[in-house]
Amino acid sequence: MLGTALSLLFSACTGLFGGIYDDPEVTPPPTPPASDAKEGTIVIDATSWTDWYYVDLNNIEEPTPYPIPFPDTELIDPLPPGILPPANATGIYTYWFDVWNKGISVNEFRSFLPTDEQPAPEEWSFAVHRNNARTNGGAVFETQFTDIGQLDYSREELEQLPFTADEWTDNVVWADQSQMLNSLVGSQGIEINNVLSSWLRLDIPPMPPAFTHNKHVFILRLADGSFAALQLANYLSPTGAKCYLTINYKYPI
């Protein structure tokens, strides 16, 4: 009887402590899923005064120019002097700029001619026109990082950032330079993103204009709630032409 009891006790203890004294069965850690983020560089010759270039971060292709609509002046009568157009009316706004004295921050409205809406592709994330940028229902935040690889925001942190949406402007997107000798410039009335546009600032004076390049990484919150990182790496062409944009991107982040 005693032998039988000891045998049973030993068997029970072996099963009870086997996981401690035996070599444990090692389970390899799960393999993290491969990142589906796309990262690279987009080069856009945005030197044209009369074209917007659209980028779809879901389908990176050679950006195609979409011309700014211009009025048929033979069919449209300009507004009488001193009469302002309706708020946010689509068209070409002519302003006088104090180019030779206090600079372009001092300006006055002169005339307006209505046009068609700015054309755009069906799918796009952001668009550029020289030193201007806008989003497709998105918003932008400027970080203090100068390398996309430095970003370490969690999803929760991204959602808490103070993003800025696009805003209406009618004297920033310069499109018509035919009267520049008289300090008159025709600008497109359109919404742009002032935060993203700050990656390349134009200042007059001096003459010729001075460009200030901001190399910070910007975070674009798209209309679908996803996030992208954008950085203007360069704004000069190989021959020195300005507004020839080299843009680093990562999407999604």
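See above for the structure.
Residues numbered from 1 in each chain as written. Predicted model: local features only at pLDDT ≥ 70, side-chain atom pairs only at ≥ 80, totals over all residues. Heavy atoms only, no water.

Asks: What is the right way to look at the sheet that holds strand β6 (residues 126-129) in this model?
Replies: Across the sheet, which stays open at both edges, the four strands sit in the order β3-β2-β6-β7 with antiparallel pairing between neighbours. A single partner strand is all that each edge strand has here, and the edge strands are β3 (65-67) and β7 (132-135). Pairwise comparison of adjacent strand axes, ignoring direction, gives a mean angle of 30° for this sheet. One ladder, built from four bridges, connects β6 with β7; its direction is antiparallel. Looking across to β7, one finds that H129 is bridged to N132. (Pairing = 2+ DSSP bridges. Helix = DSSP H or I, 4+ residues; strand = E, 2+ residues; numbered from the N terminus. Axes fitted to C-alpha atoms, helices over the stretch in contact; angles between N-to-C directions.)

Asks: Can you help me understand the sheet that holds strand β10 (residues 167-176) in this one?
Replies: Where strands meet in a sheet, backbone hydrogen bonds hold them as pairs that are either parallel or antiparallel. Spatial ordering of the open sheet is given by β5-β4-β11-β10, a layout of four strands whose pairing is antiparallel. The open sheet has two edge strands, β5 (103-114) and β10, and neither has a second partner. Across the sheet, the axes of successive neighbouring strands diverge by a mean angle of 40°, strand direction being ignored. Bridge count between strand β4 (residues 91-98) and β5: eight bridges; the pairing is antiparallel. Opposite Y93, over in β5, you have F112 as the bridge partner.

Asks: Would you take a moment to explain the nonpolar core for this structure?
Replies: It is characteristic of soluble globular proteins that their nonpolar side chains tend to be buried jointly. L57, F126, V128 and W199 are the most contacted members of the largest nonpolar core, which totals 40 residues. What F126 contacts, discounting residues up to four positions off in sequence, is Y53, Y54, V55, L57, R134, T135, W199, L220, L230 and I247. Listed in part, the ten residues of the second largest apolar core include W52, Y54, A175 and I192. (Core = buried A, V, L, I, M, F, W, Y, C linked by side-chain atoms within 4.5 Å. Buried < 20%, exposed > 50% of the residue type's maximum accessible area, 1.4 Å probe, protein only. Contact = heavy atoms within 4.5 Å.)

Asks: Got a minute to help me understand the pairing of β4 in this structure?
Replies: The side chains of a regular strand alternate, residue by residue, between the two faces of the sheet. By the criterion of burial, β4 is predominantly enclosed, with seven of the eight residues buried. Adjacent in sequence and paired antiparallel, β4 and β5 are bridged by four residues.

Asks: Hey, could you run me through the pattern of salt bridges in this one?
Replies: Note on pairing: side chains with opposite charge can pair once their charged atoms come close. If you walk through the whole model with that rule in mind, you get three salt bridges. Across the pair R110 and E108 runs a salt bridge whose closest N-O atoms are separated by 3.0 Å. Given a relative accessible area of 39%, R110 falls into the partly exposed group. A salt bridge links R201 to D203; the shortest N-O distance between them is 3.0 Å. Given the relative accessible area of 24%, D203 is considered partly exposed. (Salt bridge = Lys/Arg side-chain N within 4 Å of Asp/Glu carboxyl O.)

Asks: What is the right way to read the pairing of strand β12 (residues 200-203) from this model?
Replies: Here β12 shows one buried face, formed by L200 and L202, and one open face, formed by R201 and D203. Where β12 and strand β13 (residues 210-213) come together, four bridges link them in antiparallel fashion. Along β13, the bridge assignment pairs R201 with T212. Connecting the antiparallel pair β12 and β13 is a turn made up of six residues.

Asks: Looking at this model, I keep getting lost on the packing of aromatic side chains. Mind explaining?
Replies: The geometry of an aromatic ring pair is captured by the separation of the ring centres together with the interplanar angle, meaning the angle of the planes. Tallied over the entire structure, the rule returns 13 aromatic pairs. A ring pair is formed by F97 and W174, whose centres lie 5.0 Å apart and whose planes are at 55°; its orientation type is tilted. Of this pair, F97 sits in strand β4 while W174 sits in strand β10, and the two are 77 residues apart along the sequence. With a relative accessible area of 11%, W174 lands in the buried category. Seen from their ring centres, F141 and F163 are 6.3 Å apart, and the 65° between their planes marks the pair as edge-to-face. One end of the pair, F141, is in strand β8 (residues 139-142); the other, F163, is in the loop between α2 (155-160) and β9 (164-165), and 22 residues separate them in sequence. In this pair, the class of F141 matches that of F163, namely buried. (Phe/Tyr/Trp six-rings, centres within 6.5 Å; stacked < 30°, edge-to-face > 60°.)

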